Amino acid sequence: MSDAEWAVVRPLLPVPAWLRGRGGQPEAYCHRAMLDAIRYLVDNGTKWRAMPVDFPPWDRVYAFFRRWRDLGLVREFHDRLRRTVREQAGRDPEPSAGVIDSQSVKADAVVGRDSRGFDGGKLINGRKRHVVVDTLGLLLAVMVTSADIGDRAAARALLARVAAAHHRLALVWADGGYTGSLVGHCLAVFALVLAIVKRGDGMRGFVVLPKRWIVERFFAHLMRSRRLARDFERSTGSAEAVVHWSATMLMTRRLARPRPSRA
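Attention here is on the structure that accompanies the text. Nothing here was measured: the structure is a model prediction, and the numbers come from that model.

**Some thoughts on the overall build of the protein**
Move 1: Helix and strand content of the protein: eight helices and six strands.
Move 2: Taken from N to C terminus, the helices and strands of the protein fall in the order α-α-α-α-β-β-β-β-α-β-α-β-α-α.
Move 3: Expected size for 263 residues packed as a compact globule is a radius of gyration near 18 Å; at 19 Å, the protein falls within 12% of this value.
Move 4: Considered along the principal axes of its C-alpha atoms, the protein spans approximately 60 × 55 × 35 Å.
Move 5: Counting over 263 residues, the protein shows a buried share of 46%.

Quick look at the structure:
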């Protein structure tokens with residue numbers, strides 16, 4: 001991280017228990033060094049054991065990653081950054097609209113049979129990332145499943161999670177894969193309008209569709225993180241944590257970017 005990014009990140013970090021007087025052993029390494037090591041791994045796609053010597057030992061970095069994953073600290077840190085980015089853009093901290101979609105990616109050999117499958121539509125053997133983003137393209141929720149799980153089945157669980165966490169959310173745009181009983185289910189159970197954005201009959205080739213381009217751009221940002229070009233994580237929890245880490249990198253760079261002064 002640059003110094004400008006660290007100045008933005010430091011006040012938003014979760015405070016360890018030992019600094020709040022709640023006991024526990026003080027950490028041996030600086031949070032900035034740990035965050036830099038994890039960001040390096042996500043951005044460059046290296047193995048844990050191939051961590052450069054400039055960073056703390058790989059096992060200590062992985063222990064930090066695992067602790068933040070299991071305690072939900074990476075999601076808490078990510079959500080604080082998202083609220084800050086929305087406030088800087090002049091938006092309400094909590095979104096009122098979002099976009100849902102999924103992305104199928106190939107899985108590495110370390111991914112077991114219990115969490116991998118075959119996506120017949122994309123012809124991909126691996127996992128599927130189901131995400132909901134706001135209208136700024138910031139991540140609201142992610143769920144990783146095997147690739148053979150249908151979009152509508154996964155959307156029921158994912159939208160339930162999103163609706164419980166974001167009470168202002170009233171509208172979600174989706175593609176044609178989310179039609180059917182899911183539209184009525186979202187309205188009746190979550191009080192959520194699921195608007196389907198379809199391609200016109202006369203459209204040929206690549207066409208930028210309203211609202212759907214927002215989530216497609218988010219997937220493009222994820223693919224720039226080499227650790228996410230393929231699913232290398234043994235558990236779906238780790239796969240979701242890596243997505244959150246990639247999204248935090250996107251937001252810290254946006255917050256640290258110098259804003260042009262108004263005349």
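**Brief notes about the packing of helix H5 (residues 151-165) against helix H6 (residues 181-189)**
Move 1: It is at 10 Å that the axes of H5 and H6 come closest, and there the two elements cross at 10°. Classified by the angle their axes make, H5 and H6 are roughly parallel. Here H5 contributes Arg 152, Ala 155, Arg 156 and Leu 159 to the contact with H6, which in turn contributes Ser 181, Leu 182, His 185 and Cys 186.
Move 2: Counted by class, the contact of H5 with H6 contains four nonpolar, two polar and two charged residues.

**Focus on helix H7 (residues 212-223)**
Move 1: In this model H7 runs 17 Å from its N-terminal to its C-terminal C-alpha over twelve residues, within 8% of the 16 Å that 1.5 Å per residue would give.
Move 2: Every buried residue of H7 is listed here: Arg 212, Ile 214, Val 215, Phe 218, Phe 219 and Leu 222. Down the axis, H7 shows its buried residues gathered within 165° of arc, on one side only.

Definitions and cut-offs
- Residues numbered from 1 in each chain as written.
- Predicted model: local features only at pLDDT ≥ 70, side-chain atom pairs only at ≥ 80, totals over all residues.
- Heavy atoms only, no water.
- Helix = DSSP H or I, 4+ residues; strand = E, 2+ residues; numbered from the N terminus.
- Rg over C-alpha atoms; globule rule 2.2 N^0.38 Å.
- Buried < 20%, exposed > 50% of the residue type's maximum accessible area, 1.4 Å probe, protein only.
- Axes fitted to C-alpha atoms, helices over the stretch in contact; angles between N-to-C directions.
- Parallel < 35°, antiparallel > 145°, perpendicular 65-115°, else oblique.
- Contact = heavy atoms within 4.5 Å.
- Nonpolar A, V, L, I, M, F, W, Y, C, P; charged D, E, K, R; others polar.
- Expected span 1.5 Å × (residues − 1).
- Arc of directions from axis to C-beta.

Purely geometric numbers; function is a separate question.
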